[in-house]
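Single-letter residue listing:
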Amino acid sequence: MAEKKQGGAGLRGQVAGATALCTVGQSGTGLTYRGYDITDLAGNAQFEEVAYLLLRGKLPNQQELDAYKARLQGLRALPDALKAVLEQIPGDAHPMDVMRTGCSMLGNLETEEDFSEQDDKIDRMLAVFPSIITYWYRFVHEGVRIETDGDCDSIGGHFLELLHGKKPSELHERVMNVSLILYAEHEFNASTFSARVCASTLSDIHSCVTGAIGTLRGPLHGGANEAAMALIQQFKTPDEAEQGLLGMLGRKEKIMGFGHAVYRESDPRNAIIKKWSEKLAQEVGDQVLYPVSVRCEEVMWREKKLFCNADFFHASAYHFMGIPTELFTPIFVMSRVSGWTAHVKEQRENNRIIRPSAEYTGPDHAEWLPIEQRA
Ligand SMILES: CC(=O)SCCNC(=O)CCNC(=O)[C@H](O)C(C)(C)COP(=O)(O)OP(=O)(O)OC[C@H]1O[C@@H](n2cnc3c(N)ncnc32)[C@H](O)[C@@H]1OP(=O)(O)O
Ligand SMILES: O=C([O-])CC(=O)C(=O)O
């Protein structure tokens, strides 16, 4: 991986626009949000502070943070028409499809009529996404219609409280906070780029976010945290994991949660979430999933020089907090909506429609044939 190819397909390595929001892999491994190092943010900040930084352009002071959190707390209620739609979505639907529909329906009910409303619409999405997914999840799995307010003043704590029906421990609220910070923003990744493409047509903010949710869903992007869980859950011991991975690599299968389009040697988010996963493993007395994950990391580096990306240790961390696997990627949405919408704002500030060119590979000239003469 040290000699990462930056040319070729997938627009790799090409500058597709400007941003003041984030740097990824600038010195090989670093990640910054508006100049702040991810290690400092994950070690010290609350997610709401980071969302404020991304969306309002500076870290809030105490008064601003308190007001912002109180505002978000006041925006958690679901409109009845949205609840009715969520209740129609089948229990075997993928929760990312629920998020996509929930966001789109919100756009029907609370349409952004003018860009001057963008900050209000963004705050609403940040506040209500945990309500959307947990309302649907508990309705279809437990047959209950939950109240979506709640006592926790953090978005991560609120999500856990709605999911489990009780206030989370301090540790779990803290880990959610760190996780949401790690996932908040990542420059021109695929889902953010799709949000910016949508924004560049001067479309509304719910369309931008709905498109981004669909893009994040795939296993090569946000869906990898769920796929990583499916991988590690197959193994009962580290030795079994090693044999399993060697077999997969021999068959040239993709190992989810490893590799990255930009980083060369490591993803700086991995060391942070790995530490929290270890702490949670100790808390629940895990002797399987965490050691299996560590062995996977060792084998992938030894065999392929491939490293864990942000998704890999998120799988075990979320699992240890009792979060069902299919809700892993929706958590990513609850966080990344801050980055997506900060990019939409930035795109709108200096817009030109995004419309690249293609290298044509079709025939030079095709002779028109009437339909009855075609093979
Ligand atoms: C939050 C996020 O979205 S992080 C990304 C989450 N996605 C995943 O974890 C999915 C698994 N990983 C991958 O599919 C890829 O590493 C991606 C999509 C993240 C990046 O893709 P690319 O930039 O095209 O990868 P890259 O150019 O580094 O690939 C180099 C080689 O390593 C291989 N490779 C890369 N990742 C993996 C992997 N996880 N498992 C096996 N082989 C891999 C590629 O197939 C490629 O081999 P080739 O040269 O023989 O074709
Ligand atoms: O940057 C990327 O390509 C994917 C990624 O890690 C992210 O979106 O967090």
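Residues numbered from 1 in each chain as written. Chains lettered and ligands numbered in written order. Predicted model: local features only at pLDDT ≥ 70, side-chain atom pairs only at ≥ 80, totals over all residues. Heavy atoms only, no water.

Within an unreviewed UniProt entry, the label attached to the protein chain reads Citrate synthase, and the organism entered is Marinobacter halodurans. Entered under Catalytic activity (unreviewed entry) in the UniProt record, the comment concerning the protein chain runs "oxaloacetate + acetyl-CoA + H2O = citrate + CoA + H(+)". (UniProt positions renumbered as here; feature names shortened; annotations may be inferred.)

Asker: Where do I start with the packing of aromatic side chains in this structure?
Answerer: Any pair of aromatic rings gets described here by the distance separating the centres and the angle formed by the planes. Enumeration according to the criterion identifies 9 aromatic pairs in this entry. For the pair Y52 and Y68, a centre-to-centre distance of 5.3 Å together with 80° between the ring planes defines the contact as edge-to-face. Of the two residues, Y52 sits in helix 2 (residues 47-56) while Y68 sits in helix 3 (residues 62-73), which places them 16 residues apart along the sequence. The exposure class assigned to Y52 is buried, which follows from its relative accessible area of 10%. For Y68, a relative accessible area of 3% puts it in the buried group. When the centroid spacing of 3.8 Å and the interplanar angle of 15° are considered together, the rings of Y183 and F332 count as stacked. (Phe/Tyr/Trp six-rings, centres within 6.5 Å; stacked < 30°, edge-to-face > 60°. Helix = DSSP H or I, 4+ residues; strand = E, 2+ residues; numbered from the N terminus. Buried < 20%, exposed > 50% of the residue type's maximum accessible area, 1.4 Å probe, protein only.)

Asker: Just checking my understanding: could you explain the pattern of salt bridges for this structure?
Answerer: Counted under the stated rule, the structure contains 22 salt bridges. The shortest N-O distance in the salt bridge between K58 and E64 comes to 2.6 Å. Judged by relative accessible area, which is 39%, K58 ranks as partly exposed. The partly exposed category is assigned to E64, whose relative accessible area is 25%. For R302, the salt bridge goes to E242, with nearest N and O atoms at 2.8 Å. With R302 in helix 14 (residues 289-304) and E242 in helix 12 (residues 238-250), this residue pair connects regions lying 60 residues apart in the sequence. (Salt bridge = Lys/Arg side-chain N within 4 Å of Asp/Glu carboxyl O.)

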